[in-house]
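This is what each chain is made of:
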Amino acid sequence: MKILYLFLIICFSSNIPAYSQAFVPNYDEAKIPFYTLPNVIAFEDGSIITNVADWEKRRAEILGVFSKEVYGTSPEWDGEITATEVSSVATDKFIRKEIKLSLHRKSKKVDLYVLLFLPRQQTPAPIFLGLNFYGNQTLSDGANVLVTQSWIRDNNDLGSENNRASEKSRGMRTANWPAEDIVEKGYGLASLYYGDVDPDFDDGFQNGVHALYDQERDESSWGSVAAWAWGLSRVMDYLVTLPEVDADKVAVLGHSRLGKAAIWAGATDQRFSMIISNNSGCGGAALSRRRFGETVGRINTSFPHWFSESFRQYNRREDELPVDQHQLLATLAPRPLYIASGEDDKWADPRGEFLGGVEASPVYELYQKTGIPTTEFPPVNQPVMGHIGYHIRNGGHGLLGYDWQQFLKFADMHWR
Ligand code: GTR
């Protein structure tokens, strides 16, 4: 009792929420609490779904629940987008363009800068579209790729200070975004800085694309993950207008928090015909009820701006969630979905990410597609690929060359 009292005093006096002080992540499979997942192919009343038409009704209900209780509801886009070419460079292998997309709504405007690599040998080209963490300038050595002017996290290695990016970061993420390998395989790559869409700090939703809308918020309003996903849809609005792009083959992908955004983008926008989640963890591909590594309570405490306020009622109450993440993955069916984990990325719960895919698979089967072709957790560096693909590679949290090689294989398998 004395100890508890002391602990509370420390929490109050240091202004740190008791949750983060008390939180100890579980990394032991044997200590996962017993849980029961909502049946992915059942209606809320328990009746089993046996056909696609019923599933699609259920799908709409499930998305409604995720909007209301998890990510928050994003507004319909009713503004206008203008595109201005900032630069264009052609090599014998690819064309690299940077385009400013200005989103106009009422008297407001937000600019998104999209970096686009298009292969020369393939028109129209299938495209991988993903948000990046540190600005377009990190994806290319090209001197004319703009250094982002948006708010950015400080990072010594990349030379960002006082929340501003610097020249030092130019080209420093090309290993994570291997544009040359991608175009060589006949695919295009489109990327934009996620902070252009919504700066990643708790700003009361005053800036980024949230600011395009009136700020009357309630507990189900869109958080940042939903805003990032919404931004991806605005880029899609633009990509579909380009003759060089095969709009039926646009894969949306993301790493980590941006993997969560990629999944939500795929769920809310059917124009994305492939979805790739890299190390997306809690609020992404991992089952929340497992409470392995990062948990709902922890993520809502560390990042209160990522999800809707209503998601917080499930802090430490995962069993009360009306949905779990396998149901979100199921809403992506029958589109190919790839889930990638890192062996040492325990925080993101690799096995929970795999199980998310396994538990989504019955819905793929309703469409006569194989989801993940095995229920056995595969060994490290041995990908499995059905209509849902999965790998766990060695190494930790990151978007690596190995991951891209599998994404390219998966795209070849489904699109060639
Ligand atoms: C972590 C967070 C994860 C993951 C990661 C990232 O701090 O707890 O959910 O999203 O950040 O985005 O790199």
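Criteria and cut-off values
Residues numbered from 1 in each chain as written. Predicted model: local features only at pLDDT ≥ 70, side-chain atom pairs only at ≥ 80, totals over all residues. Heavy atoms only, no water. Near = heavy atom within 4 Å. Polar contact = N/O pair within 3.5 Å; in protein donor to acceptor, adjacent residues only side chain to side chain. Areas by Shrake-Rupley, 256 points an atom, 1.4 Å probe, with all protein chains shown as cover. Phe/Tyr/Trp six-rings, centres within 6.5 Å; stacked < 30°, edge-to-face > 60°. Helix = DSSP H or I, 4+ residues; strand = E, 2+ residues; numbered from the N terminus. Buried < 20%, exposed > 50% of the residue type's maximum accessible area, 1.4 Å probe, protein only. Expected span 1.5 Å × (residues − 1). Contact = heavy atoms within 4.5 Å. Salt bridge = Lys/Arg side-chain N within 4 Å of Asp/Glu carboxyl O. Pairing = 2+ DSSP bridges. Axes fitted to C-alpha atoms, helices over the stretch in contact; angles between N-to-C directions.

1. Considerations on the site of the ligand
Neighbouring residues of the ligand: F133, S256, R257, K260, E294, I299, F303, W306, W347 and H397. Between the ligand and K260, the relevant distance is 2.9 Å, taken from an oxygen atom to a side-chain nitrogen or oxygen of the residue. A total of 320 Å² of accessible area belongs to the ligand in isolation, and the protein chains cover 81% of it.

2. Comments concerning the packing of aromatic side chains
In total, this model carries 26 aromatic pairs according to the counting rule given. Judged by centre distance (6.2 Å) and plane angle (80 degrees), the rings of F23 and W347 are edge-to-face. You can see F23 sitting in the loop between helix 2 (18–22) and helix 3 (52–71) and its partner W347 sitting in the loop between strand 8 (337–342) and helix 10 (350–366), a full 324 residues away along the chain. A residue is classified by how much of its surface remains accessible, and W347, at 31% relative accessible area, is partly exposed. Look at F128 and W404: their rings are 5.4 Å apart centre to centre, the planes differ by 80 degrees, and that puts the pair in the edge-to-face class. Here F128, found in strand 4 (residues 125–132), pairs with W404, found in helix 11 (residues 401–415); they are 276 residues apart in sequence, far enough to count as distant.

3. Let's talk about helix 10
Taking 1.5 Å as the rise per residue, helix 10 with 17 residues should run 24 Å; its terminal C-alpha atoms sit 26 Å apart, in good agreement. For helix 10, the tally of buried residues reaches twelve of 17 residues, placing the bulk of the element in the interior. Among all positions of helix 10, only P350, G352, E353, F354, G356, G357, V358, A360, S361, V363, Y364 and L366 are buried. Buried positions along helix 10 lie against helix 3, helix 9 (325–330), strand 8 and strand 10 (388–393). Within two residues after helix 10, Q368 carries a phi angle of roughly 65 degrees, on the positive side.

4. A look at the pattern of salt bridges
Counting across every chain of the model gives 22 salt bridges. In this structure, E29 engages R351 in a salt bridge whose closest nitrogen and oxygen atoms are separated by 3.7 Å. Here R351 lies in helix 10 and E29 lies in the loop between helix 2 and helix 3, a separation of 322 residues in the sequence. The class of R351 is partly exposed, set by a relative accessible area of 34%. One salt-bridge network, held together by shared partners, links E29, R290, D349 and R351.

5. Some details on the sheet that holds strand 8
Pairing is mixed across the open sheet formed by ten strands, whose spatial order is 1-2-3-5-4-6-7-8-10-9. Here the strands that pair on one side only, and so sit at the sheet edges, are strand 1 (80–90) and strand 9 (384–385). Sheet analysis places strand 6 (residues 245–255) next to strand 7 (residues 274–278), joined by five bridges and oriented parallel. Its bridge partner being in strand 7, H255 is matched across the sheet by N278. Sheet contacts for helix 7 (residues 257–268): strand 4, strand 6 and strand 7; angle to strand 6, the most-contacted strand, approximately 145 degrees.

Function cannot be read off these values alone, since they describe shape.
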